[in-house]
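Structural overview
Below are the chains, spelled out letter by letter.
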Amino acid sequence: MVRLRILTVVANIIVILLGAMTFREAWRNTLSNMEVASTNITVTLAERIGGYLDTLDVGLLGLAGETRRHEGDNARQALPDVFSRFIAHLPLVDNLLYADASGEVVLDCNGLLQQRVHIGDRVYFRNLRAGATRMEVSEPIEGRLSGKRVISVARRVTDGDGVFMGVVLATIPLERFSQLFQGIDIGPNGHISFLRQGFIMLTRVPPLPPEMDVTPGRFGAQPVREAIQGGSEAGVVRTVSHVGGLEKIFSYRKVGHHPFWVVVGLALDDAIQPWFRNAAYVAVIVVAFVVFTALSSRSLRRALQQEVAARNAVERARNELETRVAERTALLEDSNLHLREAKEKADNANAAKSAFLANMSHEIRTPLNGLLGMLDLLEATGLDAGQAEYLGMARRSGRRLTDLLGDILDLSRIEAGKLVLAEQPFTLSDVLASIRETFAPLSREKGLPLEFALDAVPGPFLGDAVRVRQILLNLVGNAMKFTNRGQVKLEVKTLLPMPDGRARILFMVHDSGCGIPEEQVGSICEPFTQVEAPLTKRYQGVGLGLAITRTLVHAYDGTLTVDSQVGVGTSVYLTLCLPLAAGDAKAAAPEANPPQEAPQGLRVLVVEDDPVNLFTVRAMLERMGHTVRTATDGEQALAVLVGAPFDCVLMDIQMPQMDGMTAVGLLRASHCANADVPVVALTAYVMNGDRERFLDAGMDAYLAKPISMHALGEVLRHIPLLRARRTGVTDGG
């Protein structure tokens, strides 16, 4: 035990020492990185400014030669053009001038010369007149022509015999150097200084407030001054800045052979925060290790104590074994309990997801119903061609949103394993006719032929015609969407029959569209997957159609294969195994009653809490010639139904005060004259089982939002039949 404790203490001490060394090394690295960063900045700026000055020196030499060449032959007429050409190629320069041997400025490139200006008193002019052959630089001065703080850079001009003729000079505003330093990351407290020989401050970024400038016009960091005075042309110095009292790392560098210096100062305070953050990480790791070793040491000591106790208590081994078995049994029971709780949570989460989707579908379909209904009403108001086109676009957008809601709900049913396929007789010819009718407008609009080739296929089939149609709509719809020229073709063939009374049907959809890249063919049936990049997509959709199609195909023991070539087109091969129905499809499911003529002048009660939907449905009914009364909840509806006769009721489900299902239950249980009036569920609830739930509650028909005038008219056409059914049941009871 004592050894274990000693080892734990030693390990903790080692880790703490390593942490301290890490802190120290991190700080050294921080300082080293700051030195490297400041040096890189000074090197870059010194090279850039040196390059500018070298270019300027070469330009001034060339300009001096041009001045010499034109002297005496209309120089005042020729030299302005020469100076204008030169200034366009000289960086930083804002003006070029020429002063004669007496120092009088006789040429100003910018045309600012309004009176006689004499520079013979300038030090650089006197040096050049005395025979200086290098480029001379002035101290910062206020330009006599421009009025700006500038430095002048000059070269002497001599004639062919070497006699002094004057000087050509360029003026550089000090603000141009400040602009070079803008955008360089030097931290909140860093600075960049540009100095002339003699530590004259030409410019500083950021500018130094006058109240903090203890050495006006001059650079004040004494260690840097001493290093430069000692002959050093580049170096790094760490010292306390006389401005603000911050400790900084100063990097200085001479600008080539020119009498200028660049000094960059980076404040240590700017680097402390990142260092503290890294130090905190290391401290957390050290503390975690110390805690871990303490806990581990305690666990090890306990294990050793248990082992010693076990060796000294052999007689109690049987009891301990039984205790462990009991504990394991309890653990298993606890695990089973956790599994049941996890399953219950998963079921609750799935139920919550379904409830969320149902609620979102309801909340989206309700305003969408008002929108599309208003568009139907607007269409009947007499529109010009442009307005009709706009209305058509809005309606198509609304229908796209409706289809998207349907796809999302289908995907939810698939993921929950609640997708149920109907078993009703149908024929492929009816399905294909519906496909042709659906895409006929798009085919005409795009000028894209849609061809059908149907072999003799058996039938009728027993299955879900709506889902088979949905599969083909998705495949043909994709072909029409991604094809702009050529054609789309749907072929239907019969394969070898299956021995269990099912037929194997092959559907082939060919298009001449854009095609699918080979590497993406395998993933196009995944939910929310599309071939195009999201930011550059040309075609609309969210990538649910093929995912739903694949699941429906599997439900019919089918296969789905894609063969595509980019730029050539795509062929989709679909097989479905469809059960054969006995007899004729239409004979197998005859209509209970022959089609009814649309009744006129019905007395209709509309129960709807949403004012837009209420207005929309009422306007539709009145346009059809019916008499309409309204209510906004179940209680109002019952009060209205007691007082007046009606031919039918359009009942919303979710309403304040009293919902539609409760209202219908109370109506059916009452003895009023409208107790048997046909009630149509007018609702945005479209999840699996909603329709059956509403019909079981006493309603006679179901109309899902968003509705159209056509769908509403179809429901009203069956009102006499629904009343007859309701009355027959009542009479029979």
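Just so we're clear, the structure is a prediction, and the values are computed from it rather than from any experiment.

**A short note on the pairing of strand β21 (residues 648–651)**
In β21, alternate side chains face the same way, and those of Cys 648 and Leu 650 on one face and Val 649 and Met 651 on the other are all buried. The pairing of strand β19 (residues 603–607) with β21 spans 4 bridges and is classified as parallel. Residue pairing in the sheet places Leu 605 in a bridge with Val 649 of β21. Where β21 meets strand β22 (residues 679–683), 3 bridges bridge the pair, whose relative direction is parallel. Across the sheet, Val 649 pairs through a bridge with Val 679, a residue of β22.

**Remarks on helix α13 (residues 611–623)**
The α-helix winds at 3.6 residues per turn, so residues separated by three or four positions along the chain end up facing the same way. In a regular helix each residue adds 1.5 Å, so 13 residues correspond to 18 Å; α13 covers 18 Å between its end C-alpha atoms and thus fits that length. The complete set of buried residues in α13 reads Asn 613, Leu 614, Thr 616, Val 617, Ala 619, Met 620 and Leu 621. Put simply, Asp 610 is the residue that caps the front of α13, since its side-chain oxygen is 3.2 Å from the backbone nitrogen of Val 612. Gly 625 sits one or two positions beyond α13 and adopts a positive phi of about 100°.

**Quick notes on the packing of helix α9 (residues 428–446) against helix α10 (residues 465–481)**
Contact pair α9 / α10: the axes reach a minimum separation of 10 Å and the direction vectors enclose 20°. Classified by the angle between their axes, α9 and α10 sit roughly parallel to one another. Note on packing geometry: the crossing formed by α9 with α10 is right-handed. Contacts from Val 431, Leu 432, Ser 434, Ile 435, Thr 438, Phe 439, Leu 442, Ser 443 and Lys 446 of α9 reach α10 at Ala 465, Val 468, Arg 469, Leu 472, Leu 473, Val 476, Gly 477, Met 480 and Lys 481. Residues of the contact of α9 with α10, tallied by class, amount to 11 nonpolar, 4 polar and 3 charged.

**Considerations on the nonpolar core**
Ranked by internal contacts, the top residues of the largest apolar core, which has 49 residues, are Ile 49, Phe 83, Leu 96, Ile 172, Phe 177 and Phe 194. Of the residues forming this core, the biggest block, 11 residues, is contributed by helix α1 (residues 2–70). Dropping the residues within four chain positions of it, Ile 49 is found in contact with Phe 177, Leu 180, Phe 181, Phe 194, Val 255 and Val 262. Counting 34 residues, the second-largest nonpolar core is a separate cluster that includes Leu 448, Ala 479, Met 480 and Val 509.

The rules we used
Residues numbered from 1 in each chain as written. Predicted model: local features only at pLDDT ≥ 70, side-chain atom pairs only at ≥ 80, totals over all residues. Heavy atoms only, no water. Buried < 20%, exposed > 50% of the residue type's maximum accessible area, 1.4 Å probe, protein only. Helix = DSSP H or I, 4+ residues; strand = E, 2+ residues; numbered from the N terminus. Pairing = 2+ DSSP bridges. Expected span 1.5 Å × (residues − 1). Polar contact = N/O pair within 3.5 Å; in protein donor to acceptor, adjacent residues only side chain to side chain. Axes fitted to C-alpha atoms, helices over the stretch in contact; angles between N-to-C directions. Parallel < 35°, antiparallel > 145°, perpendicular 65-115°, else oblique. Left-handed = near helix turned anticlockwise from the far one by under 90°. Contact = heavy atoms within 4.5 Å. Nonpolar A, V, L, I, M, F, W, Y, C, P; charged D, E, K, R; others polar. Core = buried A, V, L, I, M, F, W, Y, C linked by side-chain atoms within 4.5 Å.

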